[in-house]
Amino acid sequence: MAALAACTGDPEPKEGVLEVTPGSSLLDEPVRIRVTGLSPNQRVELTATMTGPDGRNWSSRATFKADGEGVVDLDRDAPESGDYTGVDGMGLIAAMTPSSGPSADPSSAPSANVPQYATMPADFPLTVTVSSGPETTIRRVAVAPGVTVQDLTVAEHGVAGVLVTPSEPAGPGVLLIGGSEGGLGVGYVAMALMLAAHGYPALAVATFNAPGLPSALRDVPIEYFASAATRLPGPVRVIGVSRGSEAALLLAARYPNLVARTVLAAPSDRINLGFPNGGYAWVFGNVPQLDIPFSAITGPVLAFVGTDDRVWPSATNADTLQEQLGDRLTIHRLEGAGHDVLGGPYLGADPAAVHPVTGDPINLGGGRQVNERAHRDSWNALLAFLAAS
């Protein structure tokens, strides 16, 4: 819901007319928010709230000053104060945070188990009201028409994840591999849903810390990801985030005929120890993987890196990867962004988090607004990379 209230002291405050269009939109599509019929230079506070996919209430607020015609247009006007700065038509929605709980924005909230995403609502209401005036409800569509969502389990399918399939696939499948958070967070499923809305069958797969899988990132077989990839039309495109970048590179190297293109977000440039208690992270043919055989990777690779990554120096890591991959690698640098550089746009990107495995507070780097805008940039670049294949 978004509510507009005239601030005390405004000249002859008027109720105004609220316009929020379109009435229904996909999660990665922007909406336009305008208020007309106000008094010239009248100040109004705009508050956005909605119930997110995690079941909690999310909200943000910002104060605007109408122009001489009594109009506030978020595509044109920067707020005087509030939860975001600068001209940004989707800034109010992207700035929403939960009413309680640390850093659980809908783009990154993980889960130790795999929830039943197949039963999630197809869309989420966003209600907009003007103080003492009319009310409008729009829908943010998570599951596009014709898209099917299937929960996969190790017991039944040999893989833990969520398979999202469009009725008429427009391209090859996309496999999403997360990082050291384990489980299967809402953010990865949201990306799979948005990819399916663009015609790409997508499988967000859990690596560990889910039913039927180890409780730690240790001795994870690369064959597990290859098996998951065979559920998609191939050759697949694989996306690896953070520690998942190691698995993505190993998969591309060990199965060059299965993987056509590779996308890395906040990547490592080497194989790291298991998490959180050491040991070998990855195995292939029951043999620990100590190095990445870069020469075996045949397809193009795209890496997204933030220049303010506080988890590890992913921008420097990408430079090292460039030395190994040469012109097979394209680096997309996101200035000022932190570790969280790839996710659905307009869903928030909080730099402060609590690690779901260790319980330790972590600083991902960047800032909420710069990271979320990085998501918009990287999402568009990702779609272009997929379309070029």
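For the structure itself, look to the data block above.
No experiment lies behind these values; they were computed from the predicted model shown.

Asks: Summarise the overall build of the chain; cite the residues concerned and give the values.
Replies: Looking only at helices and strands, one finds seven helices and 24 strands in the chain. In terms of C-alpha radius of gyration, the chain reaches 22 Å, essentially the compact-globule figure of 21 Å for 389 residues. Oriented by its inertia axes, the alpha-carbon framework of the chain measures out at about 75 × 40 × 40 Å. A fraction of 71% describes how many contacts in the chain between residues 6 or more apart in sequence connect residues 24 or more apart.

Asks: Any chance you could break down helix H3 (residues 186–197) for me, citing the residues and the numbers?
Replies: Helix length check: H3, at 12 residues, gives a terminal C-alpha distance of 16 Å against a target of 16 Å (1.5 Å per residue), a fit within 8%. Those residues of H3 that are buried lie in contact with strand E12 (148–152), strand E13 (161–165), strand E14 (174–177), strand E15 (202–205), strand E17 (236–241) and helix H7 (368–387). After H3 finishes, the residue Gly 199 shows a positive phi value of roughly 100°.

Asks: Can you explain the pattern of salt bridges? Please cite residues and give values.
Replies: Scanning the entire structure with this criterion turns up 16 salt bridges. In this structure, Asp 75 engages Arg 32 in a salt bridge whose closest nitrogen and oxygen atoms are separated by 3.6 Å. With a gap of 43 residues between them, Asp 75 in the loop between strand E7 (72–73) and strand E8 (81–82) and Arg 32 in strand E4 (residues 32–36) connect regions that are remote in the sequence. Overall, Asp 75 belongs to the partly exposed group, its relative accessible area being 41%. Glu 45 is the salt-bridge partner of Arg 61, the closest N and O atoms lying 2.8 Å from each other.

Asks: Summarise the pairing of strand E18 (residues 259–265); cite the residues concerned and give the values.
Replies: Within E18, six of the seven residues are buried, leaving the element largely enclosed by the surrounding structure. When E17 meets E18, the two strands line up parallel, connected through six bridges. By the bridge assignment for E18, Val 236 is matched with Val 259. When E18 meets strand E21 (residues 301–306), the two strands line up parallel, connected through four bridges. Looking at E21, one finds that Val 263 is bridged to Leu 302.

Asks: Would you mind going over the packing of H3 against H7 in detail, with residue names and values included?
Replies: Two numbers describe how H3 lies on H7: the axes approach to 12 Å, and their chain directions differ by 50°. Comparing the axis directions of H3 and H7 gives the class oblique. Regarding H3 and H7, the two cross each other, and that crossing is right-handed. The segment H3 lies against H7, with Met 191, Met 194 and Leu 195 engaging Trp 379, Leu 382, Leu 383 and Leu 386.

Asks: Outline the pairing of strand E22 (residues 329–334), listing residues and values.
Replies: One ladder, built from six bridges, connects E21 with E22; its direction is parallel. When the bridges of E22 are listed, Leu 302 appears paired with Thr 330. A crossover connection joins E21 to the parallel E22 through helix H6 (residues 314–325); in handedness this β-α-β unit is right-handed.

Asks: Tell me about unusual backbone geometry, residues and numbers included.
Replies: Following Thr 21, the chain continues to Pro 22 via a peptide bond in cis, the omega torsion being -5°. With omega at 5°, the peptide bond leading from Phe 275 into Pro 276 counts as cis. Structurally, the position occupied by Pro 276 is in the loop between E18 and strand E19 (282–284). Positive phi values are uncommon outside glycine, yet Asn 41 reaches one of about 65°. Of note, Asp 219 is a non-glycine position whose phi angle comes to about 55°, a positive value. Tracing the sequence through the fold places Asp 219 in the loop between E15 and strand E16 (220–221). For Asp 219, a relative accessible area of 40% corresponds to the partly exposed category.

Asks: How would you explain the packing of aromatic side chains if you had to name every residue and give the values?
Replies: Within the structure shown, the criterion is met by three aromatic pairs. Among the aromatic residues, those joined into a ring-pair cluster are Tyr 224, Phe 225 and Trp 282. The ring of Phe 385 carries the charged tip of Arg 261 above its face, separated from the ring centre by 4.5 Å.

Asks: Explain the nonpolar core residue by residue, including any values.
Replies: One finds Leu 175, Leu 195, Phe 225 and Trp 282 to be the most contacted residues of the largest nonpolar core, which totals 118 residues. Among the elements that line this core, the one with the most residues is H3, at 10 residues.

Asks: Which residues make up the sheet that holds strand E20 (residues 287–288), and what values go with them?
Replies: One open sheet holds the three strands; their spatial order is E16-E19-E20, and the pairing between them is mixed. On the outer flanks of this sheet lie E16 and E20, each paired with one strand and no other.

Asks: Tell me what's going on with the sheet that holds E22, and back it up with residues and numbers.
Replies: Strands sit in the order E12-E13-E15-E14-E17-E18-E21-E22 across an open sheet of eight strands; the sheet is mixed. Strands with a single pairing partner mark the edges of an open sheet, and in this sheet they are E12 and E22. In this sheet, adjacent strand axes meet at a mean angle of 15° when their direction is disregarded.

Asks: Could you give an account of the packing of helix H4 (residues 222–229) against helix H5 (residues 244–254), with specific residues and numbers?
Replies: Pairs of packed helices are described in terms of their axes, by the angle between the two and the distance that separates them. Interhelical geometry of H4 versus H5 gives an angle of 75° and a closest axis separation of 10 Å. On the basis of the axis angle, H4 is roughly perpendicular to H5. Facing H4, whose interface residues are Ile 222, Phe 225 and Ala 226, H5 presents Ala 247, Leu 250 and Leu 251. Of the residues in the contact of H4 with H5, the class split is six nonpolar, no polar and no charged.

What counts and how
Residues numbered from 1 in each chain as written. Predicted model: local features only at pLDDT ≥ 70, side-chain atom pairs only at ≥ 80, totals over all residues. Heavy atoms only, no water. Helix = DSSP H or I, 4+ residues; strand = E, 2+ residues; numbered from the N terminus. Rg over C-alpha atoms; globule rule 2.2 N^0.38 Å. Contact = heavy atoms within 4.5 Å. Expected span 1.5 Å × (residues − 1). Salt bridge = Lys/Arg side-chain N within 4 Å of Asp/Glu carboxyl O. Buried < 20%, exposed > 50% of the residue type's maximum accessible area, 1.4 Å probe, protein only. Pairing = 2+ DSSP bridges. Axes fitted to C-alpha atoms, helices over the stretch in contact; angles between N-to-C directions. Parallel < 35°, antiparallel > 145°, perpendicular 65-115°, else oblique. Left-handed = near helix turned anticlockwise from the far one by under 90°. Right-handed = clockwise from strand over helix to strand, strands pointing away. Phe/Tyr/Trp six-rings, centres within 6.5 Å; stacked < 30°, edge-to-face > 60°. Lys NZ or Arg CZ within 6 Å of the ring centre and 35° of its normal. Core = buried A, V, L, I, M, F, W, Y, C linked by side-chain atoms within 4.5 Å. Nonpolar A, V, L, I, M, F, W, Y, C, P; charged D, E, K, R; others polar.

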